[in-house]
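A closer look at the structure
The lines below spell out each chain.
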Amino acid sequence: MQNSLYYGDNLEVLRRYVDDESVDLIYLDPPFNSNATYNVLFKEQTGQSSPAQISAFTDTWAWTQETERAYEQDIILNPTVAPAVKDMVSAFRSFVGRNALMAYLVMMTPRLVELHRALKPTGSIYLHCDPTASHYLKTVMDTVFGITNFRNEITWRRTTAHSDAKRFGRNTDTLLYYTKSDEWTWHQQHQPYDAEYESRFRNEDPDGRSWADYDLTAKGLTGGGYEYEYKGVTSLWRVPLATMQRLDAEGRLHFTQSGGIRRKRYLDEQKGRPIQALWEDISPINSRARERLGYPTQKPEALLERIVNASSNPGDVVLDPFCGCGTAVAVAERLNRQWIGIDITHLAVALMKHRLKTSFGISQGADYSVIGEPVDVGSARALAEQDRYQFQFWALSLLGARPQQYDHRGADRGIDGVLHFINGPRRSTHRAIIQVKSGKVSVAHIRDLVGTVERENAALGLFITLEQPTRAMATEAVSAGFYHSELWQRDYPKIQIRTVQQLLTGNGFEMPPNPGMYQDSQRVQKDQARQGGLEDIREPFGAEAEAIEAINA
């Protein structure tokens, strides 16, 4: 199924949903085995430095019983894995050992096998990595895709300088570029000429077009030429007589004062310098970048645009199995490709849906599918039983709320999520505190929420429950009274309860407008290159515009 977002383990999604030889281009930016914690950084609502970081997943690896099981079942005992791949992984385990690096390679290998299966014979794959494990990953790629299908090791200068105390600064990433076979889709990409090259085009026609002249003789070249006389000049020429006559008729010949004939090349007809394997012209996402969404591993759209344009055609299928905030998906949508995105966290899926909405005005269901998210109470209960934290993230995403905390090893202080809005004559920021429950609920939970709202000096308390609330819970919520909004001239129940069923059917909470948790992406048109000065044409109006402007100030 094309134009689809999948929530889940990409290995299982690939095996279940992605057909053999159905994908034209794959880009993947997997965790780098960097022993770092990756955080989703949410849009700051208060203008203050608050802890708005939610751990999406921890990029740390260890050899465990689960890893040993994956090594055996997904690689060694898997009949779809080629013997050479099994031998390669076994050899790695012999000299690398059972450690974090080997656990990482055990995670990556079966996924690369599935990606090879899914790729069309004319397809390409770009694996984005850093020097931590790139040399090991290249060996895996050589074995899975074949040494002869290696095309480039691309070096991207992701920052101009990086300071390290006792080594050279690490300011580059690596992209390993492979194809499925010896016939693949390719469109040469170019970049603008530098000033030195353009200075050669110093001549100018009466109409203002700049040109440089080039030798037309074939003297000294191997492979021969064409010997004839043209307008009194006899020589061994690079082009046949018919071509010489055509160039003359088009005004593309320069007759020199010394009696020679040279060819004009116009600057405005030059495509630019062919892109090489060193990419120094694409800047990273910085704190002031207009396309910045706050996702720490976000890559610039210009990087993905180059890859998509070089290795696919309009209508082709682009797959990103570690799609994070969805840059590959967004670029594929903008350049009129079909796309498949997979991620293992509901935080990332929610961010991608928001990005597609604000960038392109497209919505789940009408324009693309989301597979793996709950669509009814039964599937919501299944998610809660599988992973209650992912259930919590999903439930909060129904409101566009910011999760308060991911690390379940710490205390959440009775706060699962937060929404912000403005109120009062000074347009100050106020909070709605959210609690999410997937198990049995009672009136004690509502009393706890009331206490939390009072302790945190919050405006509203919102309670999401998978199970039906009791009558005593409803009575306790009503007894908490109302919150009055001066700005909107309306009373809102201070404590509110909604079931998952109610939220899924559009019966949401009563509260003032709020802009949601994610930074809006720029609104763009399809097949439009992202420009540094492109303005966001999304224009809220009236009270909504005032509320959003005040919160983001």
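None of the values given here were measured: they were computed from a predicted structure.

Quick notes on the overall build of the protein chain
Broken down by element type, the protein chain carries 16 helices and 26 strands. Put simply, the protein chain has 553 residues, and 49% of those count as buried. For the protein chain, the proportion of contacts with a sequence separation of at least 24, taken over those separated by at least 6, is 66%. Here the protein chain displays about 26,800 Å² of accessible surface, and carbon together with sulfur accounts for 47% of that area.

Topic: the packing of aromatic side chains
As enumerated under the stated definition, the model contains 14 aromatic pairs in all. An angle of 70° between the planes, with centres 5.7 Å apart, marks the rings of F92 and Y136 as edge-to-face. Note that F92 is positioned in helix α3 (residues 83-96) and Y136 in helix α5 (residues 134-145), a separation of 44 residues in sequence. There is no split in this pair, since F92 and Y136 are both buried. The rings of F92, F95 and Y136 are connected pair by pair, giving a single aromatic cluster. Cation over ring: K138 sits above F150, and NZ or CZ is 4.2 Å from the ring centre. Across the ring face of W184, the terminal group of R151 is positioned such that the distance to the ring centre comes to 3.9 Å.

Comments concerning the pairing of strand β2 (residues 23-28)
The buried fraction of β2 is high, at six of six residues. Pairing between β2 and strand β17 (residues 317-320): two bridges, direction parallel. Note that in β17 the partner of L25 across the bridge is V318.

A closer look at unusual backbone geometry
Of note, the phi angle at K231 is positive, near 50°, even though the residue is not glycine. As for its position among the elements, K231 is in the loop between β11 (226-230) and β12 (233-237). The phi dihedral of N457 is positive, around 55°, even though this residue is not glycine.

Looking at the sheet that holds strand β18 (residues 338-343)
Pairing is mixed in the open sheet, where nine strands are placed in the order β16-β6-β7-β5-β2-β17-β18-β1-β19. Edge positions in the sheet fall to β16 (278-279) and β19 (369-371), since each has one partner strand and no second. Its contacts with the sheet place helix α10 (residues 346-360) against β1 (4-7), β18 and β19, and it is angled at close to 160° to β1.

Overview of the confidence of the model for the protein chain
Averaged over every residue, the pLDDT of the protein chain is 85; the share at 70 or more is 84%. Within the model, pLDDT remains below 50 along residues 406-410, and this stretch shows eight contacts once partners closer than five positions in the same chain are excluded. Counting contacts from residues 529-553, a segment whose pLDDT is below 50, to residues more than four positions away or on other chains yields 45 contacts.

Here's the deal with the pairing of strand β25 (residues 490-493)
Relative to β25, strand β24 (residues 482-485) is paired through four bridges, and the arrangement is antiparallel. Paired with Y483 across the strands is Y492, a residue of β25. Remark: four residues form the turn of the hairpin made by β24 and β25, two consecutive strands paired antiparallel; Q489 in that turn has positive phi of roughly 50°.

Structural notes on the sheet that holds strand β22 (residues 428-437)
Across a sheet, paired strands are connected by hydrogen bonds in the backbone, their directions being either parallel or antiparallel. Here five strands make up an open sheet; going across it, the order is β20-β21-β22-β23-β26 and the pairing mixed. Each edge of the open sheet carries a strand with a single partner, namely β20 (402-403) and β26 (495-499). As paired elements, β20 and strand β21 (residues 417-423) share two bridges and run antiparallel to each other. The residue bridging R402 from the neighbouring strand is V418, located in β21. Most of the contacts of helix α13 (residues 443-455) go to strand β23 (residues 460-465), to which it runs at about 150°, and overall it touches β22, β23 and β26.

Some words on the environment of A444
You can see A444 is positioned in helix α13. Residue classification places A444 among the partly exposed residues on the basis of a relative accessible area of 36%. Sequence separation between A444 and A472 is 28 residues; the distance between their C-alpha atoms is 9.5 Å.

Topic: the packing of helix α4 (residues 100-118) against α5
It is the contact of α4 with α5, at a shortest axis distance of 10 Å, that shows an interaxial angle of 30°. The angle between the axes of α4 and α5 places the two elements in the roughly parallel class. Like other packed secondary-structure pairs, α4 and α5 cross with a definite hand, here right-handed. Of α5, the residues touching α4 (which contributes L101, Y104, L105, M108, T109, L112, V113, L115 and H116) are Y136, L137, V140, M141, V144 and F145. Among the residues making up the contact of α4 with α5, the classes are represented as 13 nonpolar, two polar and no charged.

Conventions we followed
Residues numbered from 1 in each chain as written. Predicted model: local features only at pLDDT ≥ 70, side-chain atom pairs only at ≥ 80, totals over all residues. Heavy atoms only, no water. Helix = DSSP H or I, 4+ residues; strand = E, 2+ residues; numbered from the N terminus. Buried < 20%, exposed > 50% of the residue type's maximum accessible area, 1.4 Å probe, protein only. Contact = heavy atoms within 4.5 Å. Areas by Shrake-Rupley, 256 points an atom, 1.4 Å probe, with all protein chains shown as cover. Phe/Tyr/Trp six-rings, centres within 6.5 Å; stacked < 30°, edge-to-face > 60°. Lys NZ or Arg CZ within 6 Å of the ring centre and 35° of its normal. Pairing = 2+ DSSP bridges. Axes fitted to C-alpha atoms, helices over the stretch in contact; angles between N-to-C directions. pLDDT = per-residue confidence, 0-100. Parallel < 35°, antiparallel > 145°, perpendicular 65-115°, else oblique. Left-handed = near helix turned anticlockwise from the far one by under 90°. Nonpolar A, V, L, I, M, F, W, Y, C, P; charged D, E, K, R; others polar.

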